[in-house]
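One-letter residues, chain by chain:
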Amino acid sequence: MSYVVERVDLYLVRLPLVRPFTTSSHTKDHLDHIIVRLRTHDGAEGWGECASPSDPYYCPETVETCWHILRDFLAPALLGQPWRSPEEAAERWRKVRGNNFAKAGIEMACWDLDARARGISVARALGGEEARSFIESGVSLGIEATPDALLEQIARYVEQGYKRIKMKIGPGHDVADVAAVRERYPDLPLMVDANSAYTLADAPLLRELDRFGLMMIEQPLGADDIIDHAQLQRQLRTPICLDESIHSADDARKALDLGACRIINIKVSRLGGLAEARRTHDLCRARGVPVWCGGMHEFGVGRAANVAINSLPGFTLPGDVSGSDKAYREDIVEPPIRAHAGRLPVPLDRPGLGHDVVEERLRAALVREETITARGVLV
Ligand code: OSB
Ligand code: MG
C-alpha cells in the first residue's frame, strides 16, 4: 500500500500528573506533549505522540523545539510524497540531525497509519508472530522528601502487583534511601535511576550500592558519556543500564563493545522512533543483552506505542511502562491502558496502536493547535 499524507495536525495537550515527579534535576506536576495526527487524501489516519519534556533537563529537546522541527522540517518533508512503509517515511527526514523526540512523534503516527490501513496492530507490524499478548510492568518512582513517603509509594504499587520498582536517586537521596527500602523489602526486584547526577569521583559512593542486590543502576554518569561508564562498570558488581547516552542502535553497539553497560533502556522517543527501537532490540537480542522499555510519562498514544514495542521477545525485564493511571487521572485514549497484576495486555487484534484518541478529551486538554498542509501552515 502507498500513502500520501496531505494534512498534519499538531496538538499541544496538557495533563496534570496525579503526583509531582522529582528526578535528580527537577520536579514537575503536569506535562505538555504534542499529539501528531496524519491524514491522507483518501481518509487514512495515524496518531503519534511527541513526549518531549518542556524543559531541556533530560535531553536538549523541549516541547517548543519539537514543535518547530515538526512544523518546519518533518511535516513538510512527509507531506505530498508517497511512502509505503514507516521506514520509507522516515527516509524523508533522514538528513535532519538529532531531534529524536520530534522524529519519534511523527514516525509513530506513520506506524499507526500503516497498521490501521492494513488492519493489523502496530505490535504485529513490529513483531509479527513473535509479538507477545502481554508485557511485564514496573513503575518508576520519583525522589520523595522522606524515606517514609517513598515507602508509602512503593507499598501502593507493590500491592497493585507491579513486577519491579525503580526509584530515582541523586546526591543526598541515595545510599540511605536505598537502605531504607531494602530493609522493608529485602526481596523486591529493585533498581535505581540517577539521571546523570554523578561523576567518576563518586565511584566509592556508587560502590556502596553493590550491597543492596539491585537489578541495575541506570545512567549514573554523564548523559553524553560511554567512556567513564565503562570505567565505572569495571568497579561495580551491579550492572549499569544506559538511558540518556543511547540515541541509536549504533550507540548501543558501541556502549556494549566498550563495556559501558550490561543492560539497555529502550525508549522510543530517545531513539527517534519505533524502527530504531526495534533495531536496538534486535541488536541486543542477538548479543544476549537484556533490554527493557523506558518511558517519558507518555499519554495514551505514546504509551500504546511503548506497549507495542515492549511486546517484542527480547524485552526480558519488566520496564517503566505502567498503567496510565499511575501518572494521570484521565488519559486521552480508549480503551484505557491499565495494568492487571503487574501485566499490561497488548491489543494484538486491534488495528494500529489499539488505543484511540477521544477527541473531546484531547480538546478539553488542548493548549494550542496548528495544521500543516502541502501548501503551508494553517492556523
Ligand atoms: O530517566 O527514565 C527516565 C521520566 C522523565 C524523564 C526521564 C525518565 C522518566 C521516568 C518515567 O523514569 C518513566 C515513566 O513512568 O514513563
Ligand atoms: Mg532513566
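Computed from a predicted model, the values in this text were never measured in an experiment.

Scoring rules and cut-offs
In this numbering scheme, every chain counts its residues from 1 along its sequence in written order. Both sets of labels track the order of writing: A upward for chains, 1 upward for ligands. Predicted model: local features are reported for residues with pLDDT of at least 70 only, side-chain atom pairs are reported and counted for 80 or more only, and whole-chain, interface and lining totals are derived from all residues. Computation of side-chain values covers all heavy atoms of the structure but excludes hydrogens and water. By definition, any uninterrupted DSSP run of H or I lasting at least four residues is a helix, any uninterrupted run of E lasting at least two residues is a strand, and each is numbered from the N terminus. Each residue's exposure class comes from its accessible area (1.4 Å probe, protein chains only) as a fraction of the maximum for that residue type: buried when under 20%, exposed when over 50%, partly exposed otherwise. The contact criterion used is simple: two residues touch if any of their non-hydrogen atoms lie within 4.5 Å. Residue exposure ignores everything except the shown protein chains as possible cover, and the areas themselves are Shrake-Rupley values with a 1.4 Å probe. Think of it this way: Lys and Arg go in the positive column, Asp and Glu in the negative one, and His and the chain ends go nowhere. All charge positions are set by atom: Lys at NZ, Arg at CZ, Asp at CG, Glu at CD. In this description, strands pair whenever DSSP reports at least two bridges between them. Think of it like this: strands point away, you trace from the first strand over the helix to the second, and a clockwise trace means the crossover is right-handed. Nine residue types can take part in a nonpolar core, namely buried Ala, Val, Leu, Ile, Met, Phe, Trp, Tyr and Cys, and a core is a set of them joined through side-chain atoms within 4.5 Å. The salt bridge criterion pairs a side-chain nitrogen of Lys or Arg with a carboxyl oxygen of Asp or Glu, the two atoms within 4 Å. Axis lines are fitted through C-alpha atoms, for helices just across the contact stretch, and the angle between N-to-C directions can take any value from 0 to 180 degrees. Under this scheme an angle from 65 to 115 degrees is roughly perpendicular, one under 35 degrees roughly parallel, and one over 145 degrees roughly antiparallel; angles in between are oblique. Handedness of a crossing follows from how the near helix is turned relative to the far one, being left-handed for an anticlockwise turn of less than a right angle and right-handed for a clockwise one. Side-chain classes follow a simple rule in which Ala, Val, Leu, Ile, Met, Phe, Trp, Tyr, Cys and Pro form the nonpolar group, Asp, Glu, Lys and Arg form the charged group, and the remainder, Gly included, forms the polar group.

1. Regarding the overall build of the chain
Looking only at helices and strands, the chain has 12 helices and 16 strands in total. Taking the principal axes of the C-alpha coordinates as reference, the chain spans close to 60 × 40 × 40 Å. The proportion of buried residues among the 379 residues of the chain is 59%. Pairs at least 24 residues apart make up 72% of the contacts formed inside the chain by residues separated by at least 6 positions. With the model as given, the accessible surface of the chain reaches about 14900 Å², and the carbon-plus-sulfur share is 49%. Mean positive and mean negative side-chain charge positions of the chain (47 and 55 charges, respectively) differ by 3 Å.

2. Digging into the pairing of strand E10 (residues 263-266)
For a regular strand, side-chain orientation follows a simple rule: the groups alternate between the two sheet faces. The two faces of E10 match: Ile263 and Asn265 on one face and Ile264 and Ile266 on the other face are all buried. Across two bridges, the pairing between strand E9 (residues 240-242) and E10 is parallel. Within E10, the position partnered with leucine 242 by the bridge is isoleucine 264. Where the polypeptide runs from E9 across helix H9 (residues 249-258) and back to E10, its parallel neighbour, the crossover connection is right-handed. Both E10 and strand E11 (residues 291-293) contribute to a ladder of three bridges, which runs parallel. What sits directly across from isoleucine 266, in E11, is cysteine 293.

3. Some thoughts on the nonpolar core
With 87 residues, the main nonpolar core has Ile35, Val178, Leu209, Ile264, Leu274, Val301 and Ile309 as its most contacted residues. For this core, the element with the most residues is helix H11 (residues 300-310), which contributes six residues. Among all residues touching valine 301, those that are not within four sequence positions of it are Ile35, Trp47, Gly48, Glu49, Met108, Ile332, Val333, Leu353 and Val357. Core analysis: the second largest hydrophobic core is formed by 34 residues, Tyr3, Val8, Leu12 and Cys50 among them.

4. Quick look at the pattern of salt bridges
By the definition in use, this model includes 35 salt bridges. A network of salt bridges, in which partner residues are shared, links Arg164, Lys166, Lys168, Asp193, Glu218 and Asp320.

5. Quick look at the packing of helix H1 (residues 63-78) against helix H3 (residues 100-118)
H3 packs onto H1 with a crossing angle of 45° between their chain directions and a minimal axis gap of 9 Å. Between H1 and H3, the angle falls in the class oblique. For the pair H1 and H3, the crossing hand works out as right-handed. On H3, the residues touching Cys66, Ile69, Leu70, Leu74, Ala75 and Leu78 of H1 are Phe101, Ala102, Lys103, Ile106 and Cys110. By residue class, the composition of the contact of H1 with H3 is 10 nonpolar, no polar and one charged.

6. Considering unusual backbone geometry
What is expected of a backbone is that most residues other than glycine have negative phi and most peptide bonds are trans. For the bond from glutamate 334 to proline 335, the omega torsion is -10°, close enough to zero to count as cis. Structurally, the position occupied by proline 335 is in the loop between strand E12 (333-334) and strand E13 (343-345). Of note in this structure, asparagine 195 is not a glycine but carries a positive phi near 45°. Following the sequence through the fold, asparagine 195 ends up in the loop between strand E7 (190-193) and helix H7 (203-208). Positive phi outside glycine occurs at alanine 341, with the angle close to 50°. With respect to the helices, strands and loops of the structure, alanine 341 is situated in the loop between E12 and E13.

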